[in-house]
Amino acid sequence: MSEKILVKGNEAFGEAAIRAGCRYYFGYPITPQNELIEYMSRRLPEVGGKFLQAESEVSVVNMLYGASCMGVRVMTSTSSPGFSLMQEGVSYIAGAELPAVFINVVRGGPGLGDIQPAQGDYLQATKGGGHGDYRLIVLGPSTIQEAIKLVILAFDLADKYRTPVEILADGMIGQMMEPVELPEMRPLDALPKKPWALTGAKGRKPNKITSFDLDPYNLEKMNLRYQATREKIITNEQRCEEVNIEGADILVVAYGTVGRIMKTVIELAEEKSMKVGLFRPITLWPFPYKQLEEISKKVSTVLTVELSGGQMLEDVKLAVKDNANTPFYGRMGGVIPTPEEILGQIEKLVKKRREV
Amino acid sequence: MIEDKFDTKIFGDNKRTFAFVGDFGSGKTEIAINFALLRKALGKKVAIADLDVVNLYFRSREHTDYLEERGIRVVLPSREYRNADVPMITPTVMGSISDHKVDLILDIGGEENGIVVLGYLSEYLFKEDYEIVLVINGRRPFTRNEEDIVELYSRLREKARGLKINSLVNNTNLMEETTGKIIKEGEDLLKKVSKTLSIPIAFNSVAKGVDLEEVNLEYPIFWIKRFNIVY
């Protein structure tokens, strides 16, 4: 670990990717993640990498497809409308079983929306934004230090399972600054070998990478393989953080920026002699259903707080079942609730329960 | 005990136009706001103009109410354009530069894209005794060593249409993790830069609460309040 520096989230995403061994970045500008593109345009040439600004997000995603076929670590970043535009290519990458990392610094939507932080792309990310039967691994960082860790993990998981991975961030994580420690640079020759890659077939059987087969039985076989990978990921890769769970008066489920705000809420609640527990999913897909289910048996209320109209809430309900009430509090359009505001919601719920 | 008296006339008696420039995330906005508050405390009429046309998140227009409550005029685009993702300079800025009754603090956007704005205002600024201050945080990527800072300076000069950068400010910090040692490191770094570029160091900016007992800073200390909100 090196000495600490002060970085913006967007810069941290870029530097973490480079330290994970990413040398190919393709992008198209969109607020609030432009610092990331700018950072890569400056840093990649310094480390012998390639930066290319494409003419649109559609080009970007297909460049990623092509570069990933070569067996190198590739990444792009965008924000909500830009990621929507990439979806066809994301589906192709999933179908072709190619590793690639996408960073979505989510902004207010739908449509053109605005450029403030939001979490309205949860369903797109976790349930499949493109066509066909695939899932992305989705990671939700709540601090910049964690974002660095998760970007590196994203590359490792992408290679391990040959799957696209999405970092689901938001404008707040992208824009805020935090002192961080950066990990050492990963030597390129220490990265996982990719015998499936298209590196020239001289002296070996040609490799084929495609998401296409006209024979339905063959295509079903491919789909069964995708499903087997999906099962492995579900079994091995669920991650979450649990804070203050034992004896909590109420449990809050929140991810990303809201997960971060919740740490302050917990402290404020303690001053008022309330114990608020936090369950923060780090893998949004695979969602840690089982862990949440177990915890939900110990409380009567599981409040979900999101910067959306209630998207992760659906996963929370699948996990909690009938173990507890599952109320929701959300802000939209790029509005971020203050810790006091969230505490107000919690107080109302705790009071209501005490009255019952 | 550290002497925390700050020479409020640090940039001379007559200047009334101060522009803060630097790489993005260097802390320009915070220093601009704090400097505006300082001039106000001297009994001056003060206006601050947010000319950050690049970054729409953490900048002085977010702190409008705070500043206006303290009698500082905030020059902003009209309300309907405040969150627009478009580069624009409100014409009132030119008016404020020419208004000799007011101290004008300019909060300039990050990097060379930001300083283009200053270049655009150069014909108004040249008529005034202006001060352009380059703010450096030695713990930011791309301004961590002398070579990078000198390169940043050259890039800024290219876009500034002949405007001169008059002084340097050491704003080396890690936000709430800042120590006296970190500030001293930054001062040492800027001393080298100052020698190479022949530009004086104006001051060290230090957030209130940072312990400076263990270090010996050579340049004046400007105690500032940090404004960026982190939950």
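Definitions and limits used
Residues numbered from 1 in each chain as written. Chains lettered and ligands numbered in written order. Predicted model: local features only at pLDDT ≥ 70, side-chain atom pairs only at ≥ 80, totals over all residues. Heavy atoms only, no water. Buried < 20%, exposed > 50% of the residue type's maximum accessible area, 1.4 Å probe, protein only. Helix = DSSP H or I, 4+ residues; strand = E, 2+ residues; numbered from the N terminus. Pairing = 2+ DSSP bridges. Polar contact = N/O pair within 3.5 Å; in protein donor to acceptor, adjacent residues only side chain to side chain. Contact = heavy atoms within 4.5 Å. Phe/Tyr/Trp six-rings, centres within 6.5 Å; stacked < 30°, edge-to-face > 60°. Lys NZ or Arg CZ within 6 Å of the ring centre and 35° of its normal. Salt bridge = Lys/Arg side-chain N within 4 Å of Asp/Glu carboxyl O.

A. Quick peek at the pairing of strand β1 (residues 5-8) of chain A. Residue and element names in this part refer to chain A. Burial along β1 is two-sided: the residues Ile5 and Val7 and Leu6 and Lys8 are all buried. As judged from the four bridges shared by β1 and strand β8 (residues 177-180), these two strands associate in the antiparallel manner. The residue of β8 that forms the bridge with Ile5 is Val180.

B. Layout of the side chain of Thr143 of chain B. All names here are of chain B. Along the polypeptide, Thr143 turns up in the loop between β5 (130-136) and α6 (146-159). Among the polar contacts listed, one links the side chain of Thr143 to the backbone oxygen of Asn137, at a separation of 2.9 Å. Dropping the residues within four chain positions of it, Thr143 is found in contact with Asp23, Ile136, Asn137, Gly138, Asp148, Ile149, Leu152 and Leu189.

C. Highlighting the packing of aromatic side chains. Overall, the coordinates contain 13 aromatic pairs over all chains when judged by the stated rule. Here the aromatic rings of Tyr25 of chain A and Phe51 of chain A are separated by 5.8 Å at their centres, their planes lie at 5°, and the arrangement is stacked. Here the residue Tyr25 of chain A occupies a position in strand β2 (residues 24-27), and Phe51 of chain A occupies one in strand β3 (residues 50-53), the gap between them amounting to 26 residues. A residue is classified by how much of its surface remains accessible, and Tyr25 of chain A, at 0% relative accessible area, is buried. The ring centre of Tyr66 of chain B lies 3.6 Å from the NZ or CZ of Arg70 of chain B, which sits over that ring. Here the guanidinium or amino end of Lys225 of chain B rests over the ring plane of Phe227 of chain B, the centre of that ring lying 5.2 Å away.

D. Expanded view of unusual backbone geometry. Residues and elements named next belong to chain A. The residue after Thr31, namely Pro32, is reached through a cis peptide bond having omega 5°. Between Trp285 and the following residue, Pro286, the backbone shows a cis peptide bond with an omega angle of 0°. Considering the arrangement of structural elements, one finds Pro286 in the loop between β12 (283-285) and α10 (289-296). Positive phi outside glycine occurs at Asn244, with the angle close to 60°. Within the secondary structure, Asn244 sits in the loop between β9 (240-243) and β10 (250-253). Given a relative accessible area of 23%, Asn244 falls into the partly exposed group. Residues other than glycine seldom take positive phi values, yet Ser273 does so here, at roughly 60°.

E. Spotlight on the pattern of salt bridges. The tally for this structure, following the rule as stated, stands at 37 salt bridges over all chains. The salt bridge involving Arg186 of chain A is made with Asp156 of chain A; its shortest N-O contact spans 3.1 Å. Taken together, the residues span a long stretch of sequence, with Arg186 of chain A in the loop between β8 and α8 (216-236) and Asp156 of chain A in helix α6 (residues 144-161) at a distance of 30 residues. Residue Arg186 of chain A is classed as partly exposed on the basis of its relative accessible area of 25%. Look at Asp156 of chain A and you get partly exposed, because its relative accessible area is 27%. Across the salt bridge formed by Arg139 of chain B and Glu185 of chain B, the nearest N and O atoms sit 3.1 Å from each other. Placement of the pair is Arg139 of chain B in the loop between β5 and α6 and Glu185 of chain B in helix α7 (residues 180-197), with a sequence separation of 46 residues. A relative accessible area of 29% means that Glu185 of chain B is categorised as partly exposed. Put simply, Glu3 of chain A together with Arg139, Arg144, Lys181 and Glu185 of chain B are held in one network by salt bridges that share partners.

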